[in-house]
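Residue strings, one per chain:
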Amino acid sequence: MTDNRKNLIGLSRAELKDELSSVGEKPFRAKQLWHWMYHQGATDFAKMTTLSKPSRLKLAEHYRVSRPEISREQRSEDGTRKWLTKFDDGQEVEAVFIPEEDRGAVCISSQVGCSLTCTFCHTGTMKMVRNLTPGEIIGQFMLARDSYDEWPTPQGGGRMISNIVMMGMGEPLFNYDNVATALKIIMDHEGLSLSKRRITLSTSGVVPLMQKCGEDLGVNLAVSLHAVRDDLRDVLVPINKKYPLKELMQACKTYPGSNNARRITFEYVMLKGINDTAEDANELLRLVKGIPAKFNLIPFNPWPGSQYECSSNNAIHRFSRILNDGGFSAPIRTPRGRDIQAACGQLKSDSEREQRVRKPATIQH
Ligand code: SAH
Ligand code: SF4
């Protein structure tokens, strides 16, 4: 049976107050409820013992506090966990948790599918279906916390679910308002209380929203660069045709809050014979001049039907060395969860079964 009660997860504090007053509850209940939902992780009104019994009953009659349904959970041999999450309308996205020794990052999706068509990305073969709501975005983080039973929100350090990367399915800056509402709730000190320093938003380069993102949210920025020349980037990351490298680099230069201690991460997927020469690496150094930058070299993760190959180890190490010699940190990302298709760019749900036909990428050198 479908539950038609409204889910309170994802409402801003102001919206929650309005919602409660619409059923005759006092505004201060919002603060109590916030604590139960986001600090204690409670999903059952009956357990919210600081609320009066009649309030608890009334709330349960109108509302629910729920997570997305988990259609499937997979665990990789390296400890990575991947959840296929299902929302009320049946749409699905994937969320991934990548554990380190005593901490780890949840990789969160922002859209069902993606409207962009980066040629090396599995999500890019899906049709764009819809934006996720704030509650659906936060829900992915909360179910990772459920999975490690990390409630109430640990104070200070010592959290397993310690970071968020907005690097799942979709382009977060194309769903800016919902992503911003969700991240503000996640950063709220009386709730999930995750510091902006522990949140990284990855964009393919939606230039007009980068400044706003830095000003409103102050989170770390990662930019999916992948190419140093416009003709190649036009093919790999087609949004480049709209916002070419020059504009993108200018927006990075002025990204609010970035400095030498908080650098912009440039993600660079290593594609054999496409973007991995020493010349490319040297050009990259020229491109980021004047930007507090670090790099993240991502070995290409293949997916069924993909047209590219991963660069050789030698090529990747040579690339990394050139960037290091230029004074930049350029770690090579170890692929995680490849055995369960949970690595970068491998996420895809069956929400949209009709696939785009992929033309092989051709590029004139
Ligand atoms: N849409 C956003 C965020 C999600 S993608 C963006 O593009 O930035 C997260 C990262 O994985 C991006 O840098 C993306 O370019 C990279 N990626 C996509 N497909 C990949 C693949 N097959 N192998 C390795 N990295 C990939
Ligand atoms: Fe969308 Fe990012 Fe994949 Fe490009 S790399 S298709 S922007 S999810």
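The rules we used
- Residues numbered from 1 in each chain as written.
- Chains lettered and ligands numbered in written order.
- Predicted model: local features only at pLDDT ≥ 70, side-chain atom pairs only at ≥ 80, totals over all residues.
- Heavy atoms only, no water.
- Phe/Tyr/Trp six-rings, centres within 6.5 Å; stacked < 30°, edge-to-face > 60°.
- Helix = DSSP H or I, 4+ residues; strand = E, 2+ residues; numbered from the N terminus.
- Buried < 20%, exposed > 50% of the residue type's maximum accessible area, 1.4 Å probe, protein only.
- Lys NZ or Arg CZ within 6 Å of the ring centre and 35° of its normal.
- Core = buried A, V, L, I, M, F, W, Y, C linked by side-chain atoms within 4.5 Å.
- Contact = heavy atoms within 4.5 Å.
- Pairing = 2+ DSSP bridges.
- Right-handed = clockwise from strand over helix to strand, strands pointing away.
- Axes fitted to C-alpha atoms, helices over the stretch in contact; angles between N-to-C directions.
- pLDDT = per-residue confidence, 0-100.

Caption draft 1: Molecular detail of the packing of aromatic side chains. The tally for this structure, following the rule as stated, stands at six aromatic pairs. On the numbers, 4.8 Å between centres and 65° between planes, the contact of Trp34 with Tyr38 is edge-to-face. Pair noted here: Trp34 and Tyr38 are both in helix α2 (residues 28-39), with a separation of four residues, about one helical turn. This pair shows no difference in class: Trp34 is buried, exactly as Tyr38 is. Taken together, the ring pairs connect Phe266, Phe295 and Phe328 into an aromatic cluster. Above the plane of the ring of Tyr148 lies Arg81, whose end atom (NZ or CZ) is 4.1 Å from the centre.

Caption draft 2: Molecular detail of the nonpolar core. Ranked by internal contacts, the top residues of the largest apolar core, which has 106 residues, are Phe120, Leu183 and Phe266. With eight residues, the top contributor of residues to this core is helix α5 (residues 176-187). In this view, Phe266 contacts Val223, Leu225, Met249, Cys252, Val288, Ile291, Ala293, Lys294, Phe295 and Asn296; residues no more than four positions away in its chain are not counted. Residues Val96, Ala105, Val165 and Ile340 belong to the second largest nonpolar core, which totals six residues.

Caption draft 3: Region of the structure containing the pairing of strand β10 (residues 199-203). Counting buried residues along β10, five of its five residues qualify, which places the element largely inside the surrounding structure. In β10, alternate side chains face the same way, and those of Ile199, Leu201 and Thr203 on one face and Thr200 and Ser202 on the other are all buried. As defined by bridge partners, strand β9 (residues 163-166) adjoins β10 across three bridges and the pair is classed as parallel. Within β10, the position partnered with Ile164 by the bridge is Ile199. Handedness of the crossover joining β9 and β10 through α5 is recorded here as right-handed. Here β10 runs beside strand β11 (residues 220-224); their pairing, made up of four bridges, is parallel. Each bridged residue has a counterpart across the sheet, and for Thr200 the counterpart in β11 is Asn220. In this fold, β10 hands off to helix α6 (residues 207-216), which returns the chain to β11; that crossover is right-handed.

Caption draft 4: Up close: the sheet that holds strand β12 (residues 264-270). Pairing is mixed across the open sheet formed by nine strands, whose spatial order is β3-β4-β5-β6-β9-β10-β11-β12-β13. Among the strands making up the open sheet, the edge pair consists of β3 (69-75) and β13 (293-299). Across this sheet, the average inter-strand angle for adjacent strands is 20°, counted without regard to direction. In terms of strand pairing, strand β4 (residues 81-86) meets strand β5 (residues 92-99) through six bridges, oriented antiparallel.

Caption draft 5: Main features of the confidence of the model for the protein. Averaged over the protein, the pLDDT score is 92; the fraction of residues at 70 or greater is 94%. Across residues 353-365 the pLDDT falls below 50, and counting only partners more than four positions away or on other chains, this stretch makes 31 contacts in the model.

Caption draft 6: Region of the structure containing the pairing of β3. Pairing analysis gives six bridges linking β3 to β4, with the strands arranged antiparallel. Paired with Ile70 across the strands is Thr85, a residue of β4.

Caption draft 7: Spotlight on unusual backbone geometry. Residues Trp151 and Pro152 are joined by a peptide bond in cis, for which omega reads -10°. The residue Pro152 is located in the loop between α4 (134-147) and β9 in this model. Phi at Asp149 takes a positive value of approximately 50°, unusual for a residue other than glycine. Within the chain, Ser193 stands out as a residue other than glycine whose phi angle is a positive 50°. Mapped onto the elements of the fold, Ser193 is located in the loop between α5 and β10.

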